[in-house]
Amino acid sequence: MSNTEASGWGSRVGLILAMAGNAVGLGNFLRFPVQAIENGGGAFIIPYLVCFLLMGIPLLFVEWSVGRFGGTKGHHSTPFILDSMDKRSLWKYIGVFGIFTNLVVAAYYCYLESWTLSYVWHSIADTFGGKTQGEVANFFGDYVSLNTYEPVVFWIVCLVLNTWILSKGLSGGVEKAAKIGMPLLILFGAFLAYKAVNIEAGENGALFDGTLGLDYLWTPDYSTIWESKVWLAAAGQIFFTLSIGMGSIQCYASYVKSKDDIALNAMSAGWMNGFVEIVLGSAIIIPITVGYLGIDGMKELLSEGGGLGLGFKTMPYLFEQWGSLLGVLAGVAWFGLLFFAGVTSSLAMGTPVMGFLSDEFGWKQKNAAWAFGFAVFLLGLPTVLFFNNGVFDEYDYWAGTVSLVLFALVEIILFAWIFGMDKGWKEINKGAEIKVPIIFKYIIQYVTPLLLGWVFINSVPDIIETLNHSASGEKIALWQNDKEMEKKSFEQQEILAKKADFKMEFLDPEVHSDEQLSVDKHISIPTYLLIKKQRELKKIRKDKKYRESKIANEEKTMLYKNISRIFLLLLWLGIAYLVYVASRKSKFKTT
């Protein structure tokens, strides 16, 4: 793989689609709508676009040019790409994040990806046909609790598929997958968006027009626009949506020829991702949910389960309101869209690892691909087996959030201030088919580093809270305090009392069992979830043994999280050691 032309991209279209596929992921459809809803609707779009221009596009320019520069030196992974930019050995160890992040994110992302594949199958099999909202929600809970072997089977199928595509190389595997996956993703998205915005109140059980959801999203709440949390959320979404700070963009770009354009390619991939996220991402899940549940119902669902809960617990039921045939087609389109978004992203996570093994240890392409697949299997197994104990979330937080910001911050300092902005600007413009506005030179050198520093500093309190298990501590403190539980129960009951589909008898398990509640077609999903929470709290208050078991389980979750942190630290150190070994081998060869 040291020969970039022999193992590079087959076409420019394939490169752009693969880069866009790397960026377009599950977060475009599940995370972006949630961030928009929780941060003022239309008010979120303004800081989002500002961050896209001041942080997203500049970092795309940097990572594309860094990757191409490293590729000309024969390097295709971030440890040695960064090492080629400065003589100090520190940088190769900073570059370890570019392998670490891809391995860890792939470990849990492939499991998430396998859910979408499974739900495509269940949509075709009409598993959700005739089911109530509660039954559909419980199906997801049973799925991630591994009540059957099915989740493990689909996960392994997903891993094998990813590995097999990677073993075919860039042009023969990744590029072909992108050329198939991205057009289908946009086709499925366009179909669902059309159906969503054409929902009319009174038809097929809809309470409101689908366009009400778009009105909510695109009507700015200017009272929240200057809140720092809104800007922080917008900046965070840019990281998630563009896959910057991961190391995969640099790897893809390292296979670009030395005089090929990167400026227009970077812009094309970035704006294509923006189109998918803002136009398609916002035009599916929000209009459909608001159409059937209203704005308040949508907000309640998001507070309970976030984007994943909405996407997997609620959408299958709402699709069924369109009729049997359209319900199946919509389910296949929705989960097929998510699958293609996921697989084109997870493929990008494999290439830096393969590049590292091939460049530094002489591994053949196929062997490197299967080694990556096996590593992801071992790393991902805890996220599958202990999903309900927080291991999945722990991987996501440290590798999919903290590492991205930290790596991007250090990378742009290296590019703009150590490699040198003048050299960097020449690298960005080398072979460029567009004239990059000179303002970006100063944005990259001054504005983007400051913005990244602000994001990281503002993330420190959250990092400390996560390290201290603050969320688990608050739960345990609540369960140990009868007065606080009584207060919480009263607050939840007040909310339930306002629900038209709620009756007091629903809170009594002897009158209505859990199974009876889940099959009651007159209870909406927001009400059903609130009833379950209220019942749970009542049981914790009244049943001392159950309370003790809940506290013990939460303490067990904290233990699993601590173990996973140690595991991730050891993984980072292990990769750093391999980088050290590779560096020593390289020095030995040159002498």
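Residues numbered from 1 in each chain as written. Predicted model: local features only at pLDDT ≥ 70, side-chain atom pairs only at ≥ 80, totals over all residues. Heavy atoms only, no water.

**Some remarks on the pattern of salt bridges**
With the rule as written, the count across this model stands at 11 salt bridges. When the shortest N-O distance is used, the salt bridge between Glu394 and Arg565 registers 2.4 Å. Residue Glu394 is found in helix 18 (residues 391-418), and its partner Arg565 is found in helix 25 (residues 544-590); the two are separated by 171 residues along the sequence. One salt-bridge network, held together by shared partners, links Arg68, Glu427 and Lys430. (Salt bridge = Lys/Arg side-chain N within 4 Å of Asp/Glu carboxyl O. Helix = DSSP H or I, 4+ residues; strand = E, 2+ residues; numbered from the N terminus.)

**Some details on the environment of Leu452**
If you trace the backbone, Leu452 turns up in helix 20 (residues 439-467). The exposure class assigned to Leu452 is buried, which follows from its relative accessible area of 0%. Put simply, Leu452 and Gly70 are 382 residues apart on the chain and 23 Å apart in space, counted from C-alpha to C-alpha. Not counting the four nearest positions on each side in its chain, Leu452 is found in contact with Met55, Leu59, Phe239, Val405, Ala408, Leu409 and Ile412. (Buried < 20%, exposed > 50% of the residue type's maximum accessible area, 1.4 Å probe, protein only. Contact = heavy atoms within 4.5 Å.)

**Quick word on the side chain of His469**
Of note, His469 is situated in the loop between helix 20 and helix 21 (470-479). Among the residues examined, His469 registers a relative accessible area of 10% and is labelled buried. There is a polar contact of 2.9 Å between the side chain of His469 and the side chain of Asn562. Setting aside residues no more than four positions away along its own chain, His469 makes contact with Met558, Lys561, Asn562 and Arg565. (Polar contact = N/O pair within 3.5 Å; in protein donor to acceptor, adjacent residues only side chain to side chain.)

**Some details on the packing of aromatic side chains**
Applying the stated criterion across every chain yields a total of 37 aromatic pairs. The interplanar angle of 80° and the centroid separation of 5.6 Å between the aromatic rings of Phe356 and Phe361 together place this pair among those described as edge-to-face. With relative accessibility at 4%, the residue Phe356 sits in the buried group. Joined through ring pairs, the aromatic side chains of Tyr108, Tyr111, Trp115, Tyr119, Phe128, Phe139, Phe140, Tyr143, Phe312, Phe335, Phe387 and Phe392 make up one cluster. The ring of Trp322 has Lys195 sitting right over it, with the charged end atom 5.2 Å from the ring centre. (Phe/Tyr/Trp six-rings, centres within 6.5 Å; stacked < 30°, edge-to-face > 60°. Lys NZ or Arg CZ within 6 Å of the ring centre and 35° of its normal.)

**Some thoughts on the domain arrangement of the chain**
Domain boundaries in the chain define domain 1 (12-467 + 553-590) and domain 2 (475-542). Seen at the junction of domain 1 and domain 2, the total is one salt bridge. Close ionic contact of Glu300 with Lys499 constitutes a salt bridge, the shortest N to O distance being 2.5 Å. At the boundary of domain 1 with domain 2, the tally comes to six residue pairs in polar contact (both at pLDDT 80 or more). For the side of domain 1 that touches domain 2, the elements supplying multiple residues, two or more each, are helix 8 (133-144), helix 15 (285-320) and helix 25. The element contributing the most residues to the side of domain 1 that touches domain 2 is helix 15, with six residues. Residues belonging to the side of domain 1 that touches domain 2 are distributed by class as follows: four nonpolar, seven polar and five charged. (Domains from an automatic or database assignment. Nonpolar A, V, L, I, M, F, W, Y, C, P; charged D, E, K, R; others polar.)

**Concerning the environment of Ser346**
Relative to the elements of secondary structure, Ser346 occurs in helix 16 (residues 324-361). On the accessibility criterion, Ser346 (1% relative accessible area) is buried. Separated by 38 residues in the primary sequence, Ser346 and Leu308 have C-alpha atoms spaced 18 Å apart. Filtering out sequence-adjacent residues up to four positions away, Ser346 remains in contact with Tyr109, Cys110, Glu113 and Asn162. Among the polar contacts listed, one links the side chain of Ser346 to the backbone oxygen of Val343, at a separation of 3.2 Å.

**Overview of helix 21**
Residues of helix 21 that are buried include every one of Ser472, Ile476 and Trp479, and no others. Down the axis, helix 21 shows its buried residues gathered within 65° of arc, on one side only. Those residues of helix 21 that are exposed and angled more than 90 degrees off the buried face are Ala471 and Glu474. (Arc of directions from axis to C-beta.)

**Points about the packing of helix 4 (residues 42-72) against helix 20**
Put simply, helix 4 and helix 20 touch, their axes get as near as 9 Å, and they point 115° apart. Judged on the interaxial angle alone, helix 20 and helix 4 are roughly perpendicular. For helix 4 against helix 20, the interelement crossing comes out left-handed. Of the residues in helix 20, those in contact with Leu53, Leu54, Met55, Ile57, Pro58, Leu59, Phe61 and Val62 of helix 4 are Phe440, Ile443, Ile444, Val447, Thr448, Leu451 and Leu452. (Axes fitted to C-alpha atoms, helices over the stretch in contact; angles between N-to-C directions. Parallel < 35°, antiparallel > 145°, perpendicular 65-115°, else oblique. Left-handed = near helix turned anticlockwise from the far one by under 90°.)

**Let's talk about the nonpolar core**
Counting 189 residues, the largest nonpolar core has Phe29, Trp64, Ile288 and Trp334 as its most contacted members. Taken domain by domain, this core gets at least three of its residues from each of domain 1 (12-467 + 553-590) and domain 2 (475-542). Among all residues touching Ile288, those that are not within four sequence positions of it are Ala196, Ile199, Met315, Leu318, Phe319 and Trp322. Residues Trp479, Met485, Leu537 and Ile540 belong to the second largest nonpolar core, which totals seven residues. (Core = buried A, V, L, I, M, F, W, Y, C linked by side-chain atoms within 4.5 Å.)

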